[in-house]
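Okay, here's what each chain looks like letter by letter:
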Amino acid sequence: MWVVPEKEIAGLMTAEAAFDAVESVFAAMADGKAYNFPVVREAIGHEDALYGFKGGFDGAALNMGLKAGGYWPNNQKHGLINHQSTVFLFDPDTGRVSAAVGGNLLTALRTAAASSVSIKHLAPKDAKVLGMIGAGHQSAFQMRAASKAGKFERVLGWNPHPDMLGRLEETAAEIGLPFEAVDLDRLGSEADVIISITSAFEPLLKDGHVKGPTHIAAMGTDTKGKQELDPALVARARLFTDEVAQSTSIGEFQHAAGQGLIKDADVTPIGKVITGAHEGRGDAEVTIFDGTGVGLQDLAVAAAVVDLARDQGKAVEVEI
Ligand code: NAD
């Protein structure tokens, strides 16, 4: 099997390679060629950790495996980041393990790739203003990837904790765009594309904030109870996601679905837009992509990085 250590990922994987991998696997999911296995996520009663597995099989790319990992809130004392994960790939012809890949940076890149895929396929024509809600670790990845998917001219940002906004300002400077910290009224009325990436448990962006035409990539909600958007905003928008069942159970759309404002049938897998089976934005004023994060995304980027690592002599071969 091939081992690709976490420390090698930054030098191997690019936002472009992550974009291509995620776009392809979303299309394979919509074609019924790839499917995700049920997610396991457990509070293990040790170190306040959440641990679990996200796996799947992509019959188009022939990727099979799982990402194992989770969230350890006390990791600072070990000098480690709180999110820890490893991707394991298996040979679908034989069942033998084929690769173990550090999953921390890959998770950030595949999440950023998902919102940028949604921007490519769903943003209003000539979108120029990017709005960022959230200024944590993941926000910088989302902004960098978005800047490659659209021709943005400036970035507006808001965060529940204003002291963190410096990260957005620095990232915008890094990609050469002017940045302004604004309130949600301005963000919602001026941004053509909005990415939300917070750990909120109540709606931040309200229906009245958003003037349209707007595309929103709601990326923060990946667990029951989390919430970033007003259900009324969700109810009036055209809805897309990575995986419908996940979006209406643990994703952003869980709230509108729970209140009976939307049904599963109102949500379109983004893969259908990628393959041309759905028109996408059409004449919708507001589109929302609920990026819940699926195991197949992890497998897709891990397989891409194994290929890059082998080509560049950075993968270590071990017998198991
Ligand atoms: P982080 O801890 O670095 O940053 C947290 C962000 O949420 C900051 O903007 C912070 O101000 C805000 N926040 C924290 N507590 C809040 C609260 N109670 N109410 C409102 N806002 C709050 O986290 P991160 O790594 O940037 O991740 C952000 C979110 O994205 C997390 O919820 C994480 O689980 C989620 N995430 C989703 C995916 C996916 O595939 N959908 C992948 C990775 C991370």
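It should be emphasised that the depicted structure is a prediction, and the values quoted were computed from it without experimental measurement.

K.L.:
Describe the packing of aromatic side chains, listing the residues and the values that go with them.
P.N.:
Considering all chains together, one arrives at four aromatic pairs under this definition. Among the aromatic residues, those joined into a ring-pair cluster are Tyr51, Phe53 and Trp72. The aromatic ring of Phe141 is capped on one face by Arg144, whose charged end is 5.4 Å from the ring centroid.

K.L.:
Now, about the domain arrangement of the chain: what can you tell me, with residues and values included?
P.N.:
Assigned domains within the chain: domain 1 (2-107 + 296-317) and domain 2 (121-293). On the side of domain 2, 14 residues touch domain 1, which itself brings 13 residues to the contact. Counting the surface lost from both domain 1 and domain 2, the interface buries some 1,200 Å², and carbon and sulfur atoms represent 63% of this. Looking at the side of domain 1 facing domain 2, the largest losses of area belong to Glu23, Phe26 and Ala30, adding up to 33% of the total buried there. There are one salt bridge connecting domain 1 and domain 2. A salt bridge links Glu16 to Lys148; the nearest nitrogen and oxygen atoms lie 3.8 Å apart.

K.L.:
If you had to explain helix α2 (residues 15-30) to someone new, which residues and values would you point to?
P.N.:
Taking 1.5 Å per residue, 16 residues should reach 22 Å; α2 reaches 23 Å between its end C-alpha atoms and fits that length. Buried within α2 we find Ala18, Phe19, Ala21, Val22, Glu23, Val25, Phe26, Ala27, Ala28, Met29 and Ala30. Packing partners of the buried residues in α2 comprise β2 (34-36), β4 (50-58), α3 (104-122), α10 (270-274), β17 (286-290) and α11 (295-311). Phi for Gly32, located one or two positions after α2, is positive at around 80 degrees.

K.L.:
I'd like to hear about the site of the ligand, residue by residue, with values.
P.N.:
Surveying the vicinity of the ligand reveals 22 residues, the closest of which are Arg110, His137, Asn159, His161 and Lys226. In the environment of the ligand, an oxygen atom lies 3.2 Å from a nitrogen or oxygen atom belonging to the backbone of Thr198. Here an oxygen atom of the ligand and a side-chain polar atom of Lys226 are 2.8 Å apart. Against a free-state accessible area of 850 Å², the protein chains account for coverage of 78% of the ligand. Contributing elements (two or more residues each) for the shell around the ligand: α3 and α4 (137-149). Partitioning the shell around the ligand into residue classes produces six nonpolar, 13 polar and three charged.

About the criteria used
- The residue numbering used here restarts from 1 in each chain and proceeds along that chain's sequence as written.
- Side-chain atom pairs in this predicted model are given and counted only at pLDDT of 80 or more, local residue features only at pLDDT of at least 70, and totals for whole chains, interfaces and linings cover all residues.
- The basis for the side-chain values is all heavy atoms of the structure; hydrogens and waters are excluded.
- Aromatic pairing here means that ring centres of Phe, Tyr or Trp (its six-membered ring) are within 6.5 Å. Orientation follows from the plane angle: under 30 degrees is stacked, over 60 is edge-to-face, and everything else is tilted.
- The rule for a charge over a ring is simple: NZ of Lys or CZ of Arg within 6 Å of the ring centre, and within 35 degrees of the ring normal.
- Bear in mind that the domain bounds are from an automatic or database domain assignment.
- Contacts are assigned to residue pairs that have any heavy atoms within 4.5 Å of one another.
- When two parts are brought into contact, each loses some accessible area as probed by a 1.4 Å sphere; the total of that loss over both is the buried area.
- Think of a salt bridge as a Lys or Arg side-chain nitrogen and an Asp or Glu carboxyl oxygen that are within 4 Å of each other.
- A run of H or I in DSSP counts as a helix once it spans at least four residues, and a run of E counts as a strand once it spans at least two, with each numbered from the N terminus.
- By definition here, a helix of n residues has an expected span of 1.5 Å times n minus one.
- Think of it in three bands: residues with accessible area under 20% of the maximum for their type are buried, residues over 50% are exposed, and the middle band is partly exposed, with areas taken using a 1.4 Å probe on protein chains only.
- A molecule or strand has a residue near it when one of that residue's heavy atoms lies within 4 Å.
- Under this definition, polar contacts are N or O atom pairs within 3.5 Å; protein pairs additionally need one hydrogen-donor-capable and one acceptor-capable atom, and for neighbouring residues in sequence, both atoms have to be side-chain atoms.
- Working definition of accessibility: Shrake-Rupley area with a 1.4 Å probe, residue cover restricted to the visible protein chains.
- Note on residue categories: nonpolar means Ala, Val, Leu, Ile, Met, Phe, Trp, Tyr, Cys or Pro, charged means Asp, Glu, Lys or Arg, and polar means any other residue, Gly included.

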